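Fold and geometry: a report
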Amino acid sequence: MNFFPTPYPDEILYSTLARYCMRSGNIKEIHNFEDLFGTRNCIATMELPTQLDALIENMPANSKYTAEYFIYKHTLFPFLAAFIPEERANKIIKTMRNGEGAVSYMSLGLVTSSVTLNRYFRFCPECFKEDIERFGEPYWHRSHQITGVFVCAKHKIPLYNSTELIRGGNRQRFISATHANCIVEKEISFPSDLMEKMLWMAEDAEILLNNHFEFKEPDWFKNQFRVKLIEKGYARMNNYIHQKKLKEDFIEFYGYEYLKLVQSSLPDKSGGWLSDMVRKNDRTTYAIRYLLLTRFLEIPVVELFNTKLGFNDENESNIDAYQELWDQRLIELSQSGLSIREIADILKSSTKTIRKAIDRLGIEPFWKFNGGGKYIYKKYTDTEEFKIKREEYRKKWLELHAQYPDRSSNQIRRNNDGLYSWLKKYDSEWLEQNYRRIKTTVNTVDWSKRDVELLPLVKEVVKEMKESKPERITWTTIGSKLGISGWLSKRKEKLPLTKAYIESELESLEEYHIRKIKWAIEELESQGKEITLWNLAETAGVKPRYMKVISKEIRNTLREKGYDFIFNNK
Ligand SMILES: [Zn+2]
């Protein structure tokens, strides 16, 4: 070459080469290839041209262009390769410099089989006019040739197809933009909601084209997206992602029509490319799709590449709190006899996540000591642990039903899935008998059934109250111990069995004080303290004026225990 045309701003290299061919004076097209690349064995490619080293070599002596300059400033490489790992990007650069033929977009993960690249060179009628005014000739703009970009970011108007095929003929010619092939036959106009999204894409794609971003591994983008997904409530710290909600909101945000236009529709049944992108896999896909998600998550493109996203303080503490709850739940579940798979289902995590967390928390779950030989000759259901657990869980189940008299077992299950799963697995017959099914939600309480269910629970509570530090037995204290003080005494007429029992156990204030004194005597004895009236009143928590009322009973009690003289002395 004895000259080389200066590339215009945003001109695609193909176009510069086409302008060379127009001016070279070569009669046979093939001689242009010999001038440019020193070989006839070459094809004209728009997106990612090859043999750039040869091109540089054939340049006029004083030209300062480099292959890298062309690759970054005048090809679609910075857009197409923005999201691929460095190693693959370097391979592409190598091919663009020395390789022959075309770069395989699909095998390099630049474009997927579900994306069809533009057929025709595109142009913006306004840029076309301006370029003629400014440079005396039109040219093909790089930013207009991106599949998935429909508008000119500068003029905010639709791009038009020229009549020039990108992959047509023998591809042994470079063809310039001209008045003849850039014709607006019919004006295009997009509805404003589509236009808005198209402009976003045009602007974001330009950012990729005009910045020399560092290449990142797939994990980098996964992390960036994950931080935002968590922040926006689409994911949790344990890697669980609400795929369904994400997909719904994503479609809602862009609309079916636009997603179809950018060849990024999401299938009805699965999460499609979107769930692949946020999941743990290293597949890369078309840059347009990354930009769609980036915009949806409100990450500025520059930040996506240059700022490692993390959690700010507030989020961090939320996340900590969440993590703590989650850990707590895992500890509970791991002691319940459920398998890892079952726990993973309940916590909506993978078994891998659960195993990791178990190691992290140093949990000694049931299956571990089972595996360690503790139950090696025994079935879990034959162990003492099992029986205790069953009692505990049955009781808990009944308590919950007493606590929420208007809720069905199905509703109660929702917040107690571990309890339910355990009973379902190990005690299904009992569970079936104690499963509350409510057909309509109002006025269907089976009070006689509830009465029967409640009675053993009340008995248990009263027994406990009598055995521990005295507390007066009343409807209110029993109700609050069962978490049902809201309705227990109000509905006592509907609970004849429970009512009869509670009334037989109710204490007058005096009876209660006597019980407290008796308890205090035992307490002082066990502590080896002297039994004096003062010590008794203090330990029992009975005021002296009440002591007087029951002095006869106190004296009798003490006499029975042989403390007569002490009492008389005081
Ligand atoms: Zn324009």
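Residues numbered from 1 in each chain as written. Predicted model: local features only at pLDDT ≥ 70, side-chain atom pairs only at ≥ 80, totals over all residues. Heavy atoms only, no water.

- As recorded by an unreviewed UniProt entry, the protein carries the name TniQ protein and is attributed to Herbinix hemicellulosilytica.

A look at helix α25 (residues 496–505)
- For α25, the set of buried residues is T498, K499, Y501, I502 and E505.
- At its buried positions, α25 is contacted by α23 (447–467) and α24 (475–481). (Buried < 20%, exposed > 50% of the residue type's maximum accessible area, 1.4 Å probe, protein only. Helix = DSSP H or I, 4+ residues; strand = E, 2+ residues; numbered from the N terminus. Contact = heavy atoms within 4.5 Å.)

So, the side chain of K516
- With respect to the secondary-structure elements, K516 resides in helix α26 (residues 509–527).
- Contact partners of K516, with chain neighbours within four places excluded, come to P470, A540, G541 and V542.

Description of the packing of aromatic side chains
- Applying the stated rule across the entire model yields 43 aromatic pairs.
- Each residue in the set W200, Y234, F250, F253, Y254, Y258, W273 and F296 is aromatic and connected to the rest through ring pairs, giving one cluster.
- Note that R407 overlies the ring of Y404, its terminal NZ or CZ placed 3.9 Å from the centroid.
- Just above the ring of W487 sits the side chain of R450; from NZ or CZ to the centre is 5.0 Å. (Phe/Tyr/Trp six-rings, centres within 6.5 Å; stacked < 30°, edge-to-face > 60°. Lys NZ or Arg CZ within 6 Å of the ring centre and 35° of its normal.)

Here we look at the environment of W220
- Note that W220 resides in helix α9 (residues 218–231).
- Remark: the alpha-carbon pair of W220 and L309, spanning 89 residues in sequence, is separated by 9.6 Å.
- Non-local contacts of W220, meaning those with residues more than four positions away in its chain, are made with L304, F305, T307 and K308.

Looking at the environment of F37
- Within the fold, F37 resides in helix α2 (residues 29–37).
- Expressed as a C-alpha distance, the spacing of F37 and M1, which sit 36 residues apart in the sequence, is 9.7 Å.

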